[in-house]
Amino acid sequence: MRAHDSATGAARITVDAPSARPPAPGTTPAAARPAATAPPAGAASAPPPDTARGGVLLAALGVAAFSLTFPATVWALEGLGPWTVVMLRSVLAAAVAGACFAVRRTPLPVRRHWPGIAVVTCGIVLGFPLLTTLALETTTTSHAAVVVGLLPLTTAAFAALRTGTRPSRTFWIAALTGAAVVIAFALQQSGGRPGTGDLFLFAALLVCAAGYAEGGRLARAMPGWEVIGWALVLALPVTAAGSALALAAEPPHPTPHAVAGLVWLAAGSTFAGMVVWYRGMAAIGVARASQIQLAQPLLTLVWSVTLLGEHLPPAAPVAALLVLACIVVTQRSRG
């Protein structure tokens, strides 16, 4: 158990009995003094404005980092096999997390947090990278980006089931509208015929949403960087062995793009991005933070054009305006 968890249990706290002496002339007895006004019920549940703004900024930084994940994956696949990319990115990110743990002398999480960390491991560290990497072998970055735009809605649903939160009706209307825009955009680009890559992407949505919701819940009890850090360490036996097998089965042909893509996937998307993302969710709530991610597919489209030279679909600007409008509504509604 952490030291601060048991700090009050180490010694008894004594309270002096009230003095029997009469009050001094001109003073009011303590019993007659008006009690301090208690804050209204539920007031502590709403974060202060500064905290809310900081949480939105942190979540936005996480989304910016995640928006580069698909382009970085495409770069990495130029010289590395899909299984090599998935396993090596986690091993490298675990090395970064382990170094942070060693420098800060971070204690192990308490026992009750390990099941939640295991969910983050399965969803964020293993499931989502594997499924999206396999999808990107059969579909374009822009198409994958818009399908994953459904992630905010699935994350909000998982959060409502797991944490008991009940977002407002306005919140759900805006979230569903944003999801509908994303679905229509995806179907328009794919000709209305979902393929094998779409099946991988929809499965990735489910496992990632579960990992986001559970990680956001844990980030209220422990620092966000520890949540993803321990999830990476927990997966290390699997990812280390997987890396050795993948490198043997998929001989690497490293290129500057492949190396840069792998480094970003490990340090940016898997570790640093998750750190600020979980801190943002802890500050403003999982459901509200997840809606900022509606901007992620549109940012990824920009990167796909800038870094990969893909053609920007004509409907992208319209979709961008509609999705950003939904973000504004969800952030102003009570989640």
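Structure's up top.
Residues numbered from 1 in each chain as written. Predicted model: local features only at pLDDT ≥ 70, side-chain atom pairs only at ≥ 80, totals over all residues. Heavy atoms only, no water.

(A) Layout of the overall build of the protein. Along its length, the protein carries 13 helices and zero strands. Across the protein, helices and strands are ordered from the amino to the carboxyl terminus as α-α-α-α-α-α-α-α-α-α-α-α-α. Buried residues in the protein amount to 48% of all 335 residues. Across the protein, contacts joining residues at least 24 apart in sequence account for 91% of those joining residues at least 6 apart. Summed over its atoms, the accessible surface of the protein is roughly 16,800 Å², and 68% of this surface lies on carbon and sulfur atoms. (Helix = DSSP H or I, 4+ residues; strand = E, 2+ residues; numbered from the N terminus. Buried < 20%, exposed > 50% of the residue type's maximum accessible area, 1.4 Å probe, protein only. Contact = heavy atoms within 4.5 Å. Areas by Shrake-Rupley, 256 points an atom, 1.4 Å probe, with all protein chains shown as cover.)

(B) Spotlight on empty space enclosed by the protein. According to the stated counting rule, one finds two cavities of 30 Å³ or more in the structure shown. Approximately 230 Å³ is the volume found for the largest cavity. Contributing to the lining of the largest cavity are 21 residues, with Phe66, Thr69, Phe128, Tyr212 and Gln296 lying nearest its centre. Where the lining of the largest cavity is concerned, the elements lending two or more residues are helix H2 (69-76), helix H4 (114-135), helix H8 (196-218), helix H10 (256-284) and helix H12 (296-308). (1 Å grid on protein atoms, 1.4 Å probe; cavity = no way out; pocket = protein on both sides within 12 Å on 5 of 7 lines; lining within 4 Å. Points joined across faces, edges and corners; volume = space filled by probe spheres on them.)

(C) Geometry of the nonpolar core. Among the nonpolar cores identified, the biggest contains 72 residues, and Ile124, Tyr212, Ile228, Leu232, Met274, Trp277 and Tyr278 are the most heavily contacted of them. The biggest single contributor to this core is H10, with 10 residues. Excluding its chain neighbours within four sequence positions, the residues that come into contact with Tyr278 are Val120, Ile124, Gly211, Tyr212, Gly215, Gly216, Ala219, Gly224, Val227 and Ile228. Counting residues in each nonpolar core, the second largest holds seven residues, with Ala72, Ala76, Val85 and Leu262 among its members. (Core = buried A, V, L, I, M, F, W, Y, C linked by side-chain atoms within 4.5 Å.)

(D) Spotlight on the packing of helix H9 (residues 224-249) against H10. At their nearest, the axes of H9 and H10 sit 7 Å apart, and the two run at 140° to each other. As judged from the angle between their axes, H9 and H10 are oblique. Between H9 and H10 lies a crossing whose hand is right-handed. Each of Gly224, Trp225, Val227, Ile228, Gly229 and Leu232 in H9 lies in contact with H10, whose residues at this interface are Thr270, Phe271, Met274, Val275, Tyr278 and Arg279. (Axes fitted to C-alpha atoms, helices over the stretch in contact; angles between N-to-C directions. Parallel < 35°, antiparallel > 145°, perpendicular 65-115°, else oblique. Left-handed = near helix turned anticlockwise from the far one by under 90°.)

(E) A look at the packing of aromatic side chains. Per the stated rule, a full pass over the model turns up seven aromatic pairs. Between Phe101 and Trp230, the ring centres sit 4.1 Å apart and the planes meet at 15°, which makes this aromatic pair stacked. You can see Phe101 sitting in helix H3 (residues 82-104) and its partner Trp230 sitting in helix H9, a full 129 residues away along the chain. Of the residues examined, Phe101 reaches a relative accessible area of 8% and is grouped as buried. Where Phe171 meets Trp172, the ring centres are 5.8 Å apart and the plane angle is 90°; that geometry is what we call edge-to-face. Members of the aromatic cluster, connected to one another through ring pairs, are Phe101, Trp114, Trp225 and Trp230. (Phe/Tyr/Trp six-rings, centres within 6.5 Å; stacked < 30°, edge-to-face > 60°.)

(F) Focus on the packing of H8 against H10. The geometry of H8 relative to H10 is characterised by a closest axis approach of 8 Å and an angle of 65° between their N-to-C directions. In this structure, the crossing between H8 and H10 has a hand that is right-handed. Contacts between H8 and H10 pair Gly211, Tyr212, Gly215 and Gly216 from the former with Met274, Trp277, Tyr278 and Met281 from the latter. In terms of residue class, the contact of H8 with H10 is built from five nonpolar, three polar and no charged. (Nonpolar A, V, L, I, M, F, W, Y, C, P; charged D, E, K, R; others polar.)

(G) Up close: H4. Over its 22 residues, H4 runs 30 Å from end to end, which matches the ideal 32 Å to within 8%, given 1.5 Å per residue. Its axis deflected by about 45° at Gly127, H4 carries its strongest bend there, up to four residues before the proline Pro129. (Expected span 1.5 Å × (residues − 1). Bend = angle between axes of the 7 residues up to and from the residue.)

(H) Highlighting the side chain of Arg89. Secondary-structure assignment places Arg89 in helix H3. One buried charged side chain, Arg89, makes no salt bridge at all; its nearest oppositely charged neighbour is Glu250, positioned 13 Å away. In terms of polar contacts, Arg89 uses its side chain to reach the side chain of Thr270, at 3.1 Å. Setting aside residues up to four positions removed in sequence, Arg89 forms contacts with Thr69, Thr84, Pro129, Leu262, Leu265, Ala266, Ser269 and Thr270. (Lys, Arg positive; Asp, Glu negative; His and termini not counted. Salt bridge = Lys/Arg side-chain N within 4 Å of Asp/Glu carboxyl O. Polar contact = N/O pair within 3.5 Å; in protein donor to acceptor, adjacent residues only side chain to side chain.)

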